[in-house]
Amino acid sequence: MEFTAEIKKATSSIYEKVQKKIPEIEWATHAPYIYKINKLKKEKNAVILAHNYQTPEIYHGISDFSADSLALAVEAAKTKADIIVMCGVHFMAETAKLMSPEKKVLLPDMKAGCSLSSSITGDDVRKLKKQYPGVPVVSYVNTSAEVKAETDVCCTSANAVKIVESLKVKKVIFLPDDFLAKYVASQTNTEIISWKGTCEVHEQFKDEEINEIRKANPGIKIIAHPECPPDVIQASDFAGSTSGMIKYVRDNQPEKVMMVTECSMSDNVQIDNPNVEFIRPCNLCPHMKRITLPKILNCLENESNELVMDDQTIAKARKSVERMAEIGR
Ligand code: 13P
Ligand code: SF4
């Protein structure tokens, strides 16, 4: 696509924002897509929801709402748009469909999965429920609708502790993230039965790396996602969901920060916090990175890659997400 003078002018305010992260030569490729997508989404009454791990040209260039998985689910439930384009991974698009079954939900790349979501099936949950009769099941939102349908209440990293405590029981089955389960166990008195799932991005962080960075950068604030191994969280100053981490930077304006999470997020947050210096770990989520501007344009133009789910799964899975929303309120 051609980078015309008209497109250059129409996208100049966006480029001003992202220029520190996107070189001019790259912008010439992105801008025509951004221009076309922004025009088309208005014509089709579509909304673009983007997870915080999307690249800056998506996060700052075309998204109407960017957030963590909890806020994306809430936004999907209340949007007035006819079409939702989910710039994120498959379970996020499924959750949007659960919350807005009458809407057309599109995922620009159907192969955008998640190592946590693929670590467990509905059948695994049914077996666990037989093994621990009467013990409530709390599932992380990073699961398939099939797993959510077997779940009592869903949670995200932003509310996991609150959800577990709200149940007021001695024991819960907490799926599928073993590290998040350990984090929750460290914050409550509830006994946690976990599953051996991990996030392939966050499991790579090591506490030695954190300690070395702290030594080399006196005064640095290190903030971690709760999908990290427990010793990494312990070595950090704060743990929270992706939006919790963004809020920490916005509210505290540390001189120097390291966000122990997927690496595009530091780019996005640095653009909004120019006075904060970021030490960037570079762990990319290969699933999130499947979402690109050409794929977004293609699915919006053709209304392709639509999430199709049967009514029974929607009804069952939706209950666990709604229960989470009620507790969160
Ligand atoms: P958040 O809910 O914190 O956005 O996390 C989602 C995720 O996939 C992190 O790896
Ligand atoms: Fe899944 Fe980890 Fe990627 Fe998040 S970063 S989508 S948990 S693989």
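For clarity, every value in this text was computed on a predicted model and none was experimentally measured. (Residues numbered from 1 in each chain as written. Chains lettered and ligands numbered in written order. Predicted model: local features only at pLDDT ≥ 70, side-chain atom pairs only at ≥ 80, totals over all residues. Heavy atoms only, no water.)

Asker: Explain the site of ligand 2 here, please?
Answerer: Lining the immediate surroundings of ligand 2 are Tyr53, Cys114, Ser115, Leu116, Asn142, Cys199, Val201, Glu227, Cys285, His287 and Met288. Classifying every residue of the shell around ligand 2 by side-chain character gives seven nonpolar, three polar and one charged. (Near = heavy atom within 4 Å. Nonpolar A, V, L, I, M, F, W, Y, C, P; charged D, E, K, R; others polar.)

Asker: Please clarify how the site of ligand 1 should be interpreted in this entry.
Answerer: Looking at ligand 1, the residues that line it are His51, Tyr53, Asp68, Ser69, Asn142, Ser157, His202, His225, Glu227, Ser241 and Thr242. Between ligand 1 and Tyr53 there is a distance of 3.4 Å, counted from an oxygen atom to a side-chain nitrogen or oxygen. Between Asn142 and ligand 1, the recorded distance is 3.2 Å, taken from a side-chain N or O atom to an oxygen atom. (Polar contact = N/O pair within 3.5 Å; in protein donor to acceptor, adjacent residues only side chain to side chain.)

Asker: How do you make sense of the pairing of strand E9 (residues 221–224) when you look at a structure like this?
Answerer: Remark: a regular strand shows side chains that alternate across the two faces of the sheet. In terms of strand pairing, E9 meets strand E11 (residues 256–260) through four bridges, oriented parallel. By the bridge assignment for E11, Ile222 is matched with Met258. With two bridges connecting them, E9 and strand E10 (residues 238–239) associate as parallel partners. Considered in E10, the bridge of Ile223 is made with Phe238. (Pairing = 2+ DSSP bridges. Helix = DSSP H or I, 4+ residues; strand = E, 2+ residues; numbered from the N terminus.)

Asker: Help me out: how do you make sense of the side chain of His60 in this one?
Answerer: Mapping His60 onto the fold places it in the loop between helix H4 (56–59) and strand E2 (65–67). Ignoring any residue separated from it by four or fewer positions in sequence, one finds His60 in contact with Ile14, Lys17, Val18, Asn268, Ile271 and Asp272. (Contact = heavy atoms within 4.5 Å.)

Asker: What should I look at first to understand unusual backbone geometry in this one?
Answerer: Omega for the peptide link from Leu175 to Pro176 comes to -20 degrees, which places this bond in the cis form. Here Pro176 lies in the loop between strand E7 (171–175) and helix H10 (178–187). Despite not being glycine, Asn45 shows a phi value in the positive range, around 50 degrees. Looking at the element boundaries, Asn45 is found in the loop between helix H3 (24–43) and strand E1 (46–51). Positioned with a positive phi, Asn305 is a non-glycine residue whose angle comes to about 55 degrees. Relative to the elements of secondary structure, Asn305 occurs in the loop between helix H15 (293–302) and helix H16 (311–328).

By themselves, these figures tell us nothing about what the structure is for.
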